[in-house]
Amino acid sequence: MAHREVALMLQGSKAKLRMVIVVIISLCIGIAALYGLLKPVSNGCIMTYMYPTYIPISSMGSAKYALYLYHEGWKKIDYKEHLKKLNGVPVLFIPGNGGSYKQVRSLAAESDRAYQGGPLERTFYQEAFLTTEEGGADMDLACFQLPSQYNYRLDWFAVDLEGEHSAMDGRILEEHTEYVVYAIHRILDQYKESHDAREREGAAVSGNLPKSVILVGHSMGGFVARAAASHPSLRKSAVETILTLSTPHQSPPVALQPSLGHYFTQINEEWREGYQVQTTQAGRFVSDPPLSHIVVISISGGYYDYQVRSKLESLDGIVPPTHGFMISSTGMKNVWLSMEHQAILWCNQLVVQVSHTVLSLINSRTGQPFSDTRKRLAIFTRMLHSGLPQSFNWKMQPQLFPRLTVSTENANNAAGSQACPLSNCPTYWTDDALERDLYIQTTTVTVLAMDGRRRWLDIQKLGSNGKSHFIFVTNLAPCSGVRLHLWPEKGKSTSDLPASRRVLEVTSKMVLIPSGPAPRQIEPGSQTEQAPPSAVLMLGPDDMHGFRFLTISVAPRPTISGRPPPATSMAVGQFFNPEEGQKEYSPQWMLLSAYSHKEMFLKEDHPLAFNLSFAISLGLLPVTLSLETAGCGIKKSGLPDEDGEHLDNSKIHVLISTMPPLNSEHENVMLLVDPHCSYKISFSVSVTAAASRFLLLYGPQMVALSVAVLFFSLTRQAYEWDSNLVIPSLLAAVEFNLRMPFPFLLLAIVPILASFFLSLLKSQPSPPMTSFITVSLLCYLFANGFIILLTLVSQLVFYLAAVVHTSIKARWQAWGRNFSFSCPRLVIKLSSIFFSLKVIRILRVNTVLITAAVAISLVCFVHPALGLFVLVLSHAFCCHNSMSSFLMASRRKEFFYDKYEANDKSQRSAPKNEGTLDQDFPPEEKPPSLPGSPKKCFGETQIEIFHHRHGLLVLHLVATLMFAPSLVAWLQRIGMRQSFPWFLDSALCIGVIFHCIFNLKPESSFLFYFPPILSLEVRPQFIYMLAGYYSYFSGLDLAPYRVFYAMAAIGFISFVSKLLQIKKTEQGDQRFRIRKHSHRH
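Residues numbered from 1 in each chain as written. Predicted model: local features only at pLDDT ≥ 70, side-chain atom pairs only at ≥ 80, totals over all residues. Heavy atoms only, no water.

Student: Can you break down the overall build of the protein chain residue by residue, with the values?
Tutor: On a plain count of helices and strands, the protein chain comes out with 28 helices and 29 strands. Taking all 1081 residues of the protein chain together, 52% fall into the buried category. Of all intrachain contacts in the protein chain linking residues separated by at least 6 positions in sequence, the fraction that spans at least 24 positions is 79%. (Helix = DSSP H or I, 4+ residues; strand = E, 2+ residues; numbered from the N terminus. Buried < 20%, exposed > 50% of the residue type's maximum accessible area, 1.4 Å probe, protein only. Contact = heavy atoms within 4.5 Å.)

Structure (structure tokens):
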């Protein structure tokens, strides 16, 4: 007996320990994430300034929305006269969730400055080009030139959507879409009105009327733009270009409302079908794809955008690569910054680049955007993408940069070239201005001044011993500062060689890279500042095949080159072996660096380029890399002794070049460091930043998994009841489901593995199995911790309320017995009269029906959250009564046990089917017992009812909270013209209400019986188990709104089961009798 008690004690301690560990994990993640989110972040953006004026456009499309035209300038203008002169290219800005039409001011102001100042200065860096998959195989398209001047300005319009929260309610999103369609038509009509007004006044009329409007949307405004472009009421070809900023395309950022998720799914499905050729059922051609003329570009804010995750901003599976792409602001040319959700609208670096990009879309001959989708996509690619490769992993991808194409007169005959041939530099300076040549003897070459010399590197000699790759890093501008050529054997006439082996200039193969501000030099005798590297060039074995020499020509003094040099000129080139610079970091190494900094030492003569491969995406686990220079000096300059004597030990600075976060697990970072210096590199992971990223990335998944945890707990409760055992508390059910190996493996691991293998069968891209299981388990544990905390808090509230209630009731009764005051008697008399009223009696008898009627009415005609809140109040009232009854019964039980404790042992242990305790409880609280079932006292029955209703309360409370964002948006619109809730939301919530009213007590749980199928009985625990698995899969798909489908299904099953139960009971079928547990008094 003692051993059994010890075992039970240990089992109870293990159960408590499991829950404590889960709660601690959840609290740590939550607190660290909250700290990381509240911590200010410096994004490096420059503020944009403007002189805004907003001109209202008369419209009849809506009583609450409005349309405005932006004008830049501080002088007052006449609105009507300004509208008459309207002749630019229309661009419509659509604000996002809670946004204002005034947010257009930064983009509009910079567009006006760009129009007046002209295009950006031309550089000779390698530009991005369309891949074959994107339709870039056409040579004419690859060589397409950007405009040299802007002939037409942009007219920026903006819709005023009253700052409504479109990310929280599907109805609002639909209304915004309809108004944007109207605004597009109104803008096009306004141009015709302005044109006609000028004609009537005899003013000069030039240009064609616009046929389409460019849409620019921020946040949810970008999705509204796509929804408007596919709207059936939109005029044909009225929208051809859509640019979105921090817009969720895959699913809502807060995907909790079913109608909102359904609307996203509907629009995305329309877009998938819109890019398919229309055919008949017989396969005959009907028309081209309806959306084939639309190009969509999605710009994300990167990892600092906490509101919309980059994964949601992807266009994969919605827009084909021939008609759009997604780019992160960290990878945008001339931007290279991550920024917050709102900062993307005013960050000057990004706004300037976007303004010039949109202006470049205008055809100078027609005054309209290019009609060819490939040209528009090529412009977006060249203006937004940098020439950096998508991956720095040169071991797996040797050809990181575009293949070289010989630039000769016969270049058109080069076979297989898909990119535009490399062009020669313009004549900034000639070879005659160069001083005598230098011959480099080492694998590393260094340039510390614009000395006007040409350096010769022997590819055959220096590129041996596996060092077959060449990299060149510099802060000198291509063409004006430095030029690079590939040469055949020296002394041979280039005219006698084939085109592929003549002198080839590769200067324009230099790629622009992000460069930070010039750091201050603190060494004595050094120059004041040194500009960091701004370009990199990389040549592979295939690029240098057939050539013998590589020359680096540095411009002479500024008076000859015509361009001022940097404060300190710098260039470093090196032949290297890629494997020497390859560094891989495992997940364990990255996680351990969160507790202690990891260090790496680089001695002098190390590789110039390092490829750092991280096993976990830096968007999820941000790594802080810091470098400290241990020593620096050029021991081997690669020059003859007489030419190297005048060089000092000038320090050449470091560049860290990272690619934008990719939606993949592995991420590569390129680190460029001076090979003449030694460094101490330290790595560290910010726990708070990692927690905040984790919570933001997988928050929706945790919501759905919380519902799955509740369904699994209800499964346990239903199983215990069906087995004629005591119904466990919700807390005990959650704890039981965490036990290893079962049922934890069945409930937590099996759904993860099933989801992973299903994605493989569907040929969908899936993350590595280890990381997928790890992240999913962490989310599941966090969901368990949240439910445990919610259960503890709610249970404590009910207990305290019951204690207060029973104490007041006991004191009131004692007061009424001991004192003959008239006040208590009067109160009792008045309450008796009140409860004897016919209306009150009807309400008390039909509480369930009235509750259902009120909840359904609110769900259908007001808002679903209010109807679900009525259910929560109903559960709370029942839980309070059950807990109060349990406490009162416990007190009475203790009283009678104390009164009869002198009786003998046999009398106390005898079964009490009749006795004094029966007189203290009403006979209606004695349900009929089943033969052979254990008898339970009144208090035990009440606590079972509490446990049952408490589980339903927490489930429906979570459902109500999921509609809370939509309720906030609904409250904001009070006083405006309201519309009924979506049918989908109302129907699903009615199913949730059915689940409540038909499962008020444990014995009323549903039971399905299928005689044709081997007399199969479907128990409630089986239905709850299926609902839990479905909710689990919904969470793994980042679609938490689907859990309402499971809740509603259970409700409608309960409804049908209740009807069958009534029908079969009337027919005398005993299988459908109400099953109750007996209790003793």
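Student: Let's hear about the packing of helix α6 (residues 220–229) against helix α7 (residues 258–274): which residues, and what values?
Tutor: Two elements in contact, α6 and α7, have axes whose closest approach is 10 Å; the angle formed by their N-to-C orientations is 50 degrees. Relative to α7, α6 is oriented oblique. Relative to α7, α6 is oriented so that their crossing is left-handed. Of the residues in α7, those touching α6 at Met220, Phe223, Arg226, Ala227 and Ala229 are Tyr263, Phe264, Ile267, Asn268 and Trp271. (Axes fitted to C-alpha atoms, helices over the stretch in contact; angles between N-to-C directions. Parallel < 35°, antiparallel > 145°, perpendicular 65-115°, else oblique. Left-handed = near helix turned anticlockwise from the far one by under 90°.)

Student: Describe in detail the state of the cysteines, supporting the description with residues and values.
Tutor: One way to say it: the disulfide is the covalent bond shared by the sulfur atoms of two cysteines. Counted according to the given criterion, the structure contains 1 disulfide. One disulfide in the model links Cys45 with Cys347; its S-S distance is 2.2 Å. Disulfide Cys45-Cys347: torsion about the S-S bond near -90 degrees, hence left-handed. Remark: Cys347 occurs in the loop between β10 (324–328) and α8 (348–360) and Cys45 occurs in the loop between α1 (2–38) and β1 (52–57); sequence separation between them is 302 residues. Here Cys45 and Cys347 have matching classes, each one buried. Free cysteine Cys989: the closest other cysteine sulfur is in Cys860, separated by 9.0 Å. The structure places no disulfide on Cys996, whose sulfur is separated from the nearest cysteine sulfur, that of Cys878, by 9.2 Å. (Disulfide = S-S within 2.5 Å.)

Student: Describe the environment of Arg153, with residues and values.
Tutor: Mapping Arg153 onto the fold places it in the loop between α4 (139–142) and β4 (154–160). Under the relative-accessibility criterion, Arg153 is labelled partly exposed at 33%. Contacts of Arg153, omitting those with residues within four sequence positions, involve Gly88, Val89, Asp112 and Tyr115. Looking at Arg153, its side chain comes within polar contact range of the side chain of Asp112, at 2.7 Å. (Polar contact = N/O pair within 3.5 Å; in protein donor to acceptor, adjacent residues only side chain to side chain.)

Student: Could you give an account of a nonpolar patch on the surface, with specific residues and numbers?
Tutor: Taken together, Met740, Phe742, Leu745, Leu746 and Val750 make up a surface patch of nonpolar side chains, about 470 Å² in accessible area. If you trace the backbone, Leu745 turns up in helix α17 (residues 744–761). (Patch = residues over 30% accessible without salt bridge, like charges linked within 9 Å, V, L, I, M, F, W, Y side chains within 5 Å. Areas by Shrake-Rupley, 256 points an atom, 1.4 Å probe, with all protein chains shown as cover. Salt bridge = Lys/Arg side-chain N within 4 Å of Asp/Glu carboxyl O.)

Student: Describe the sheet that holds strand β24 (residues 623–632), and please don't skip the residues or the numbers.
Tutor: The strands making up a sheet associate through backbone hydrogen bonding, with each pair oriented either parallel or antiparallel. Sheet architecture is open: 3 strands sit in the order β22-β27-β24, paired in antiparallel fashion. Two strands lie at the open edges of the sheet, namely β22 (598–602) and β24, each paired on one side alone. When the angles between neighbouring strand axes are averaged without regard to direction, this sheet yields 15 degrees. With 9 bridges joining them, β24 and strand β27 (residues 677–685) adopt antiparallel strand pairing. Note that in β27 the partner of Val623 across the bridge is Val685. (Pairing = 2+ DSSP bridges.)

Student: Requested: an account of the sheet that holds strand β15 (residues 482–487), with residues and values cited.
Tutor: The strand order across the open sheet built from 5 strands is β11-β13-β19-β15-β16, with neighbouring strands paired in mixed fashion. On the outer flanks of this sheet lie β11 (438–439) and β16 (504–505), each paired with one strand and no other. When strand β13 (residues 454–458) meets strand β19 (residues 549–554), the two strands line up antiparallel, connected through 5 bridges. Note that in β19 the partner of Arg455 across the bridge is Ile552.

Student: Explain the nonpolar core residue by residue, including any values.
Tutor: Residues Phe711, Tyr780, Tyr1032, Phe1044 and Met1047 are the most contacted members of the largest nonpolar core, which totals 106 residues. Among the elements that make up this core, the one with the highest residue count is helix α15 (residues 687–722) (14 residues). Leave out the neighbours within four places in its chain, and Phe1044 touches Leu256, Pro258, Leu868, Ala959, Met962, Phe963, Leu988 and Val992. In this structure, Val295, Ile297, Ile327 and Leu359 belong to the second largest nonpolar core, which totals 51 residues. (Core = buried A, V, L, I, M, F, W, Y, C linked by side-chain atoms within 4.5 Å.)

Student: Run through unusual backbone geometry, naming residues and quoting values.
Tutor: A cis amide bond links Met740 to the next residue, Pro741, at an omega of -5 degrees. Along the chain, the position of Pro741 falls in the loop between α16 (730–737) and α17. Between Phe742 and the following residue, Pro743, the backbone shows a cis peptide bond with an omega angle of 5 degrees. One can find Pro743 in the loop between α16 and α17. The phi angle at Trp336 is positive, at roughly 55 degrees, despite the residue not being glycine. Tracing the chain through its elements places Trp336 in the loop between β10 and α8. For Trp336, a relative accessible area of 18% gives the class buried. Although it is not a glycine, Leu1038 adopts a positive phi angle of roughly 55 degrees. Note on placement: Leu1038 falls in the loop between α27 (1020–1036) and α28 (1043–1066).

Student: Help me get a handle on the packing of aromatic side chains, residues and values and all.
Tutor: For the structure on display, the rule yields 32 aromatic pairs. An angle of 10 degrees between the planes, with centres 3.8 Å apart, marks the rings of Phe223 and Phe264 as stacked. Highlighted residues: Phe223 in helix α6 and Phe264 in helix α7, separated in sequence by 41 residues. Residue classification places Phe264 among the buried residues on the basis of a relative accessible area of 1%. The interplanar angle of 40 degrees and the centroid separation of 5.9 Å between the aromatic rings of Phe756 and Phe772 together place this pair among those described as tilted. Of this pair, Phe756 sits in helix α17 while Phe772 sits in helix α18 (residues 769–818), and the two are 16 residues apart along the sequence. Accessibility expressed as a relative area gives 14% for Phe772, which makes it buried. Between Arg226 and the ring centre of Trp271, over which it is positioned, the NZ or CZ distance is 5.2 Å. For Arg716, the ring lying beneath its charged end belongs to Phe736, and the centroid distance is 3.6 Å. (Phe/Tyr/Trp six-rings, centres within 6.5 Å; stacked < 30°, edge-to-face > 60°. Lys NZ or Arg CZ within 6 Å of the ring centre and 35° of its normal.)

Student: An account of helix α3 (residues 105–117) is requested, with residue identities and associated values reported.
Tutor: Helix length check: α3, at 13 residues, gives a terminal C-alpha distance of 18 Å against a target of 18 Å (1.5 Å per residue), a fit within 8%. What α3 keeps buried is the set Ser106, Leu107, Ala108, Ala109, Glu110, Ser111, Asp112 and Ala114. Turning to α3, the residues buried within the fold contact β2 (66–72), β3 (89–94), β4, β5 (214–218), β6 (241–245) and α8. Directly beyond the C-terminal end of α3, a positive phi value near 90 degrees is found at Gly118. (Expected span 1.5 Å × (residues − 1).)

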